[in-house]
Amino acid sequence: MTNLLLRARDGTLRTFEVSLRPIVLGRADNCDVVLPHDGEVSREHARVWLDENGRVLVQDYKSKNGTRVDAGEPFHNSIRPATRSIRIGEYELEIVGARPYVLHESQVRFQADEPDDIDSTRFFPSTHHLKLDLNQQRLGLLMNLTERIGGAFEPKQLLEQALDACCEALHFERALIALKTPRGEPELPVTRNVPRDETGTYKISRSLINRALLHGERAVVNNPAVDLVNNLTDSLVRYPICSALCVPILHRDRILGVLYGDRVTRDPRSGAYTPADVDFLAAIARHVGVGLENLRLFQSHLESEKLKLELNKARDIQRRLLPDGALEVGRLVFSGHNEPSEEVGGDYFDYFDLGSGQVGFVIADVTGHGLAAAMMMANFQAAVRVALTADVPLTEAAVRLNRLVCLNTGPNVFITTIMARVDTATGAVEYVNAGHPAPLLLRRRGVACAIDGMALPLGIEPNENYVVQRIDPQDELEIVLFYTDGLIEAADPAGQLLNLAPVTEALSTLSDRTAEGALHQLLDLVRRHLGAGTNADDLTLTAIEYRR
């Protein structure tokens, strides 16, 4: 009995019997074998059945992306025999119990490798660790090829140059280079004079190519049998190939593709291929492997530079969302500093005039850092500008923002923040704290941490309640400092956190008792603590200075 085995994405194994009646494979619900959730699978993609001899036949049913059998190339709107597997999109169906194709006695056999007989097919081990024997003339050709492929900036251009060199040096009548895709299968090749049959299959030796791709083997073929045409398993017989060379394209221990060339006519002047010829072709393939890797690194560099440019643009945009300098209103001075740990970050501060003698103030820290946190920060900044007004109670603004964050973010995203309104006439600060470090109060006689009733960060509990807290300026109050955890959690190369005590000590000995002076003092403290290291988190400092 012949069956198809399909392992679903949840790990379950399904079995389908193959008989004389065709079974239909595709993503439509009415198919016998449904292959869902794959854009490469057509609604009715392929049909599978047994012929009168019990052999498996596969028909691609006018699919968009083609069907593969036995790890071969995709074919369209035609019928192929199969013995091991059927590949449709991301789905691999294993064939179990299929009747093998029987070779007749008169069909070609690979002969044993005899050192003195070059008129035979010979396979060599993988060239991963072998030295190649090349004469001076061919070394010159390789140097020339190196210059030619060194000027290639696209893979196809490089392969074209290599193929031209192979045909010129080894007198190939037909040649092909194919590279592996990320799935490990060969992609559409670059060819020279290689025809296709009525099914779209290239008329070359797939057995040689598969051995190069799968096992890294080199092969030299001379005088293969050509008396039978109907051999469905060996293309050396199906196509009139007189001699051929085939080698893998390697880079270090990775097989990147295959380089193949053959002759379909016998010209005594060309002579038979020798091990030296396959060595030379392998040397060309190595140059191609190095060239492809260099191209990959070059393209990666270009993408990196492009990404860096885009991140620099994002950083400029983020900077424009922050205040462009200090804000002076009456005897109050608002100042801030932001340092993302990457090009962009999730920390944020703002201060802006609300009218009616009030200034709006906010400092916030979005979970994480980098581009995702920066995008969240930009959205939050816009929402704060709408919610925080002169007449809306702070608790109501906090509730609105919390619900907005809960509705529009995932379960692991939250924002710690302090939102405040400052009376410019009295200097009084009213604020709500959603999970953020409490502010520090710098007085003439020392530094203290504000007594703070902290609520949960925004985005955790939709029904969280917030409490308004107040800082009343006294004669001795000089600066109110706000910060994100990138200050106290800055880690030195040994992993030791800065913590709060050195921060309060640095502020208590502050000589320049201004907002800018306090920020510079703490930034110097952080940099000394980090030493040669970098801060793993975004850092934001803001201060309100009371001038006397």
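Heads up: the structure comes first, above all this text.
Computed from a prediction, not measured in an experiment: that's the story for all the values here.

Reading guide: rules and limits
Residues numbered from 1 in each chain as written. Predicted model: local features only at pLDDT ≥ 70, side-chain atom pairs only at ≥ 80, totals over all residues. Heavy atoms only, no water. Pairing = 2+ DSSP bridges. Helix = DSSP H or I, 4+ residues; strand = E, 2+ residues; numbered from the N terminus. Axes fitted to C-alpha atoms, helices over the stretch in contact; angles between N-to-C directions. Contact = heavy atoms within 4.5 Å. Salt bridge = Lys/Arg side-chain N within 4 Å of Asp/Glu carboxyl O. Buried < 20%, exposed > 50% of the residue type's maximum accessible area, 1.4 Å probe, protein only. Phe/Tyr/Trp six-rings, centres within 6.5 Å; stacked < 30°, edge-to-face > 60°. Lys NZ or Arg CZ within 6 Å of the ring centre and 35° of its normal.

**What to know about the sheet that holds strand β21 (residues 415-423)**
Strand order in the open sheet made by the five strands is β19-β20-β21-β22-β25, with antiparallel pairing throughout. Each edge of the open sheet carries a strand with a single partner, namely β19 (347-355) and β25 (469-471). The mean inter-strand angle of the sheet, taken between neighbouring strand axes irrespective of direction, is 20 degrees. Direction of pairing for β21 relative to strand β22 (residues 429-434): antiparallel, over a ladder of six bridges. The residue bridging Thr417 from the neighbouring strand is Ala434, located in β22. Lying over the sheet, helix α7 (residues 394-408) contacts β21 and β22, oriented at roughly 155 degrees with respect to β21.

**Description of the pattern of salt bridges**
Applying the stated criterion across every chain, the model contains 20 salt bridges. With a shortest N-O distance of 3.0 Å, Arg192 and Asp164 are connected by a salt bridge. Here the residue Arg192 occupies a position in strand β13 (residues 190-192), and Asp164 occupies one in helix α2 (residues 155-170), the gap between them amounting to 28 residues. With relative accessibility at 32%, the residue Asp164 sits in the partly exposed group. Salt-bridge contacts for Arg385 lead to Asp350; the nearest nitrogen and oxygen are separated by 2.9 Å. With Arg385 in helix α6 (residues 371-387) and Asp350 in strand β19, this residue pair connects regions lying 35 residues apart in the sequence. Here Asp350 falls in the buried class, since its relative accessible area comes to 1%. One continuous salt-bridge network, built from bridges that share partners, spans Arg87, Glu90 and Glu92.

**What about the packing of aromatic side chains?**
Considering all chains together, one arrives at five aromatic pairs under this definition. An angle of 45 degrees between the planes, with centres 4.6 Å apart, marks the rings of Phe361 and Phe482 as tilted. Residue Phe361 is found in strand β20 (residues 358-366), and its partner Phe482 is found in strand β26 (residues 477-483); the two are separated by 121 residues along the sequence. Like Phe361, the residue Phe482 is buried in the burial classification. By the ring-pair criterion, three or more aromatic residues cluster together here, those being Phe334, Phe349 and Tyr351. Cation over ring: Arg47 sits above Tyr61, and NZ or CZ is 4.0 Å from the ring centre. Above the ring of Phe352, the side-chain terminus of Arg385 is found at 4.2 Å from the ring centroid.

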